[in-house]
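This is what each chain is made of:
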Amino acid sequence: MRKLALAGCISLAVVVAGCGESDPRSPGTLRASTRPAPVRPAKAPTRVRPVAAGSTVGLPRVTSTGARITALWQAPLTNAVVTGNLVVGLARGRPAVLEAISELTGRQRWTASLPAEEPYVAGLFAAGGVVVLEVGRALDDPAGSLVVTRYVVFDARSGRQLWSAQAPGGVTSLVAGKPVTYAAGLVVTGDSSGDLTARDAHTGALAWQSARPRSCPQSSEPEFSYSEGLAGSGRLLVVSYQCESKGQEEVLVERLAPLSGAPLWRWRAPLADLSVVG
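In every chain, residue numbers begin from 1 and rise along the written sequence. Selection of residues for local features in this predicted model requires a pLDDT of at least 70, selection of side-chain atom pairs for listing and counting requires 80 or more, and totals for whole chains, interfaces and linings are taken over all residues. For side-chain calculations, the full set of non-hydrogen atoms in the structure is used, while hydrogens and water are omitted.

With respect to the pairing of strand 10 (residues 120-127)
Now for step 1: Relative accessibility thresholds used throughout: buried, under 20% of the residue-type maximum; exposed, over 50%; partly exposed, between the two (1.4 Å probe, protein chains only). We count a stretch as a helix when DSSP gives it H or I for four or more residues in a row; a strand needs E for two or more, and each element gets its number in order from the N terminus. Of all eight residues in strand 10, seven are buried, a share of seventy percent or more.
Now for step 2: Two elements, strand 10 and strand 11 (residues 130-138), share seven bridges in a ladder whose sense is antiparallel. Following the sheet pairing, Ala-127 is matched in strand 11 by Val-130.
Now for step 3: Whether two strands pair depends on DSSP finding at least two bridges between them. Where strand 10 hands over to strand 11, the hairpin turn is made up of two residues, of which Gly-128 adopts a positive phi near 60 degrees.

Shown next as structure tokens:
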């Protein structure tokens, strides 16, 4: 079981410019809901801290000439990702608050609150003009573990909720931070059994579902039961699995057709910490 820090733990996002320059520029049960989430209008930033022009704020020397990179602004966000010209991350609050700010100025563009019944965020992913949150609730255990119960998808430009869908397996899955990627206009997710689900990124309509290959049995060890990785880019979609057969462990890698989920090719290799990363 993976351990996840609660979304309320705030880290510091720092946007920098090199050498002082900045760039101007289970099937049948999964249903997506387009019920809008409460979205607060953008307001003047109160937490972004501008940095004096030319300040290096203690940043390391990273260029070949020995010059220091220069910070443009700072803001306390966690799980921050970049999409288009925005930095999107989690701001302080319970339930968690999703916030988007300009990557160049640090000005807030929009904020959105998450449902009170699913106040924790296990993962945040952005691509193709959408922001995908894996939300859930805390388990009543000393480790403070989380369970992913739902995917909530927002429009990256406006912060408007586009759709939400129950995570495969629902609250029976004790593994948080499920694999998710984007390819050919689809959000593709995996569950703890190794099955995949693809949905239209902007409507949530189910495109296809794919079962774990029968030639790749799961490990009997609980810590290895959740073993697939996903990576996508453009029309490229690749998945990897950890397999166990007759006491031997190996990795199965498949390239899938993103619009159908059909395998295009596959290869196997001995398990040596090899997996797909995106």
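Observations concerning a nonpolar patch on the surface
Now for step 1: To count toward a patch, a residue needs a relative accessible area above 30% and no salt bridge. Like charges then connect within 9 Å, nonpolar side chains (Val, Leu, Ile, Met, Phe, Trp, Tyr) within 5 Å. All accessibility values rest on the Shrake-Rupley procedure with a 1.4 Å probe; residue burial counts only the protein chains present in the view. We count a salt bridge whenever a side-chain nitrogen from Lys or Arg sits within 4 Å of a carboxyl oxygen from Asp or Glu. A surface patch of nonpolar side chains, about 320 Å² in accessible area, is lined by Leu-264, Trp-265 and Trp-267.
Now for step 2: Within the secondary structure, Leu-264 sits in strand 21 (residues 263-270).
Now for step 3: Taking the relative accessible area as the measure of exposure, Leu-264 reaches 51% and is therefore exposed.

With respect to empty space enclosed by the protein
Empty pockets left among the atoms are what a rolling probe the size of a water molecule brings to light.
Now for step 1: In the cavity and pocket records, a cavity denotes points on a 1 Å grid over the protein atoms alone where a 1.4 Å probe fits but cannot get out, a pocket denotes an open set with protein on both sides within 12 Å along at least 5 of 7 lines, and lining residues are residues with an atom within 4 Å of a point. Grid points are joined across faces, edges and corners, and a volume is the space filled by probe spheres set on the points. In this structure, the largest cavity spans a volume of roughly 70 Å³.
Now for step 2: Secondary-structure elements contributing two or more residues to the lining of the largest cavity are strand 13 (161-166), strand 15 (186-190) and strand 16 (196-200).
Now for step 3: The greatest single-element share of the lining of the largest cavity, amounting to three residues, is contributed by strand 13.
Now for step 4: Residues are grouped as follows: nonpolar covers Ala, Val, Leu, Ile, Met, Phe, Trp, Tyr, Cys and Pro; charged covers Asp, Glu, Lys and Arg; every other residue, Gly included, is treated as polar. Residues of the lining of the largest cavity, tallied by class, amount to six nonpolar, three polar and one charged.

With respect to the side chain of Gln-108
Now for step 1: Here Gln-108 shows up in strand 9 (residues 108-113).
Now for step 2: Owing to a relative accessible area of 12%, Gln-108 belongs among the buried residues under this scheme.
Now for step 3: Residues adjacent in sequence count toward polar contacts only when both atoms are side-chain atoms; beyond that, a polar contact is any pair of N or O atoms within 3.5 Å, and within protein one must be able to donate a hydrogen and the other to accept it. Side-chain polar atoms of Gln-108 contact the side chain of Glu-99, separated by 2.9 Å.

Some remarks on the pairing of strand 7 (residues 86-91)
Now for step 1: Burial runs high along strand 7: six of the six residues are buried.
Now for step 2: Across four bridges, the pairing between strand 6 (residues 78-83) and strand 7 is antiparallel. Bridge pairing in strand 7 links Thr-78 to Leu-90.
Now for step 3: The hairpin formed by strand 6 and strand 7 contains two residues between the paired strands, and Gly-84 there has a positive phi angle of roughly 60 degrees.
Now for step 4: For strand 7 and strand 8 (residues 97-102), the ladder comprises six bridges, and the chain directions are antiparallel. Across the sheet, Ala-91 pairs through a bridge with Val-97, a residue of strand 8.

Notes on the state of the cysteines
Now for step 1: Criterion for a disulfide: a pair of cysteine sulfur atoms within 2.5 Å. Inspection of the entire model under this criterion finds one disulfide.
Now for step 2: Here Cys-216 pairs with Cys-243 through a disulfide, and the sulfurs are 1.8 Å apart. Here the disulfide of Cys-216 and Cys-243 is left-handed, its torsion about the S-S bond being about -95 degrees. You can see Cys-216 sitting in the loop between strand 17 (206-210) and strand 18 (229-233) and its partner Cys-243 sitting in strand 19 (residues 236-245), a full 27 residues away along the chain.
Now for step 3: Judged by relative accessible area, Cys-216 falls into the buried class, the value being 1%.
Now for step 4: The exposure class of Cys-243 is buried, given its relative accessible area of 4%.

As for the sheet that holds strand 19
Now for step 1: One open sheet holds the four strands; their spatial order is 18-19-20-21, and the pairing between them is antiparallel. Because the sheet does not close on itself, it has two edges, and the strands there are strand 18 and strand 21. Taking the axes of each pair of neighbouring strands and ignoring which way they run, one obtains an average angle of 20 degrees across the sheet.
Now for step 2: As paired elements, strand 20 (residues 248-256) and strand 21 share seven bridges and run antiparallel to each other. If you follow Glu-254 over to strand 21, its bridge partner there is Arg-266. Helix axes use the C-alpha atoms of the stretch in contact, all axes being lines fitted to C-alpha atoms, and the angles between their N-to-C directions lie in the range 0 to 180 degrees.

Overview of the sheet that holds strand 17
Now for step 1: What the four strands build is an open sheet, ordered 14-15-16-17; its pairing is antiparallel. Strands with a single pairing partner mark the edges of an open sheet, and in this sheet they are strand 14 (180-183) and strand 17. When strand polarity is set aside, the average angle formed by the axes of neighbouring strands in this sheet is 20 degrees.
Now for step 2: Pairing geometry for strand 14 and strand 15, over four bridges, is antiparallel. Bridging across to strand 15, Val-180 finds its partner in Thr-189.

Points about the pattern of salt bridges
Now for step 1: Enumeration over the complete set of coordinates arrives at two salt bridges.
Now for step 2: Between Arg-268 and Glu-250 there is a salt bridge, and its shortest N-O distance comes to 2.5 Å. Of the two residues, Arg-268 is situated in strand 21 and Glu-250 in strand 20; the sequence distance between them amounts to 18 residues.
Now for step 3: For Glu-254, the salt bridge is made with Arg-266, and the minimal N-O distance between the two is 2.5 Å. In this pair, Glu-254 is assigned in strand 20 and Arg-266 in strand 21, connecting sequence segments twelve residues apart.
Now for step 4: We classify Glu-254 as buried; its relative accessible area is 4%.
Now for step 5: When its relative accessible area of 44% is taken as the criterion, Arg-266 is described as partly exposed.

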